[in-house]
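A structural walkthrough
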Amino acid sequence: MLDRQPVLEGEHVRLRPLRADDWDALFAVASDPLIWEQHPAHDRWQKPVFRAFFDDALANKGALIAIDTASGAVIGSSRYQGLDEADGGSVEIGWTFLARAVWGGTHNHEMKRLMLAHALGSVAECRFLVGESNTRSRRALEKIGARLTDRREERIMAGGEVIPHLTYVITRESFAQDPLAG
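Now for a quick tour of the structure. Within every chain, residues take consecutive numbers counted from 1 along the sequence as written. Selection of residues for local features in this predicted model requires a pLDDT of at least 70, selection of side-chain atom pairs for listing and counting requires 80 or more, and totals for whole chains, interfaces and linings are taken over all residues. Side-chain figures throughout are based on the complete set of non-hydrogen atoms in the structure, without hydrogens or water.

1. Structural notes on the packing of aromatic side chains
Aromatic pairing here means that ring centres of Phe, Tyr or Trp (its six-membered ring) are within 6.5 Å. Orientation follows from the plane angle: under 30 degrees is stacked, over 60 is edge-to-face, and everything else is tilted. With the rule as written, the count across this model stands at 11 aromatic pairs. Pairing Trp-36 with Phe-97 gives two aromatic rings, centres 5.0 Å apart and planes at 50°, and the pair type is tilted. Taken together, the residues Trp-36 in the loop between α1 (23–30) and α2 (47–60) and Phe-97 in strand β5 (residues 90–98) connect sequence positions 61 residues apart. Overall, Trp-36 belongs to the buried group, its relative accessible area being 1%. Per-residue accessibility, obtained with a 1.4 Å probe over protein chains only, is compared with the maximum for each type, and a residue is labelled buried under 20%, exposed over 50%, and partly exposed between these values. Among the residues examined, Phe-97 registers a relative accessible area of 3% and is labelled buried. Between Phe-50 and Phe-97 the ring centres are 5.8 Å apart and the planes differ by 90°, which places this aromatic pair in the edge-to-face class. Of this pair, Phe-50 sits in helix α2 while Phe-97 is found in strand β5, placing the two residues 47 residues apart along the sequence. For the purposes of this entry, the term helix denotes a DSSP run of H or I that reaches at least four residues, the term strand denotes a run of E that reaches at least two, and both are numbered from the N terminus.

Here it is, written out as structure tokens:
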């Protein structure tokens, strides 16, 4: 059984379960409109929209807050969501956002490596759903070895807009063969 709220620590990033008292620090990161520019929920930088996102993260009990190990600063969050135990098990890793100060560096790579290594000890596959037009996130997933599948999903965003999402996967086998696993 997958523990969706572990504490995971790497050289640059520490992940721990999201708590209600993380609101101020996490909203300080999320309130940057450029983080959400290509995201389907491009208004998530607004306080009431982010409040709904934050409350949902707490309620689903799979959210992790990302902390820079050098500074101790909150730099973003990610989630384990949609655990499916059929066919060896599958879980979605996503809902990830990071402060622009750590974009393009080692933080996202390490965060995904930690989350994948943890999840793939319990499930056969990790899924990543990304808005079809979110090229920034799609490139980041391809960079870590995620494979685009033919699975598509329509997600209803805040405001009722339906956005097509693509599904990428990393399997236990592909993770073991990829440099991200190291």
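2. Quick word on the environment of Val-123
Topologically, Val-123 is positioned in the loop between α3 (107–119) and β6 (125–131). Taking the C-alpha atoms as reference, Val-123 lies 8.3 Å from Met-1; in sequence the two are 122 residues apart. The residues touching Val-123, leaving out its near neighbours within four places in the chain, are Leu-83, Gly-88, Gly-89, Ser-90, Val-91 and Arg-172. Should any heavy atoms of two residues lie within 4.5 Å, those residues are considered in contact.

3. Notes on the nonpolar core
Counting 29 residues, the largest nonpolar core has Leu-15, Tyr-80, Met-115, Leu-116, Cys-126, Phe-128 and Ile-170 as its most contacted members. Mapped onto this core, the elements with two or more residues apiece are β2 (13–17), β3 (63–68), β4 (74–84), β5, α3, β6 and β8 (162–171). Setting aside residues up to four positions removed in sequence, Leu-15 forms contacts with Pro-6, Val-7, Leu-8, Leu-64, Ile-65, Ala-66, Met-111, Leu-114 and Met-115. Nonpolar cores were defined as sets of buried Ala, Val, Leu, Ile, Met, Phe, Trp, Tyr and Cys residues, with membership established by side-chain atoms within 4.5 Å. Listed in part, the 18 residues of the second largest apolar core include Phe-53, Ala-57, Ala-63 and Ala-99.

4. So, the pattern of salt bridges
What makes a salt bridge here is a side-chain nitrogen of Lys or Arg within 4 Å of a carboxyl oxygen of Asp or Glu, nothing more. The tally for this structure, following the rule as stated, stands at 9 salt bridges. Arg-51 is paired through a salt bridge with Asp-55; the nearest N and O atoms lie 3.3 Å apart. Taken as a pair, Arg-51 and Asp-55 lie in helix α2 at a separation of 4 residues, close to a single helical turn. Given the relative accessible area of 33%, Arg-51 is considered partly exposed. Exposure remark for Asp-55: the relative accessible area of 38% places this residue in the partly exposed category.

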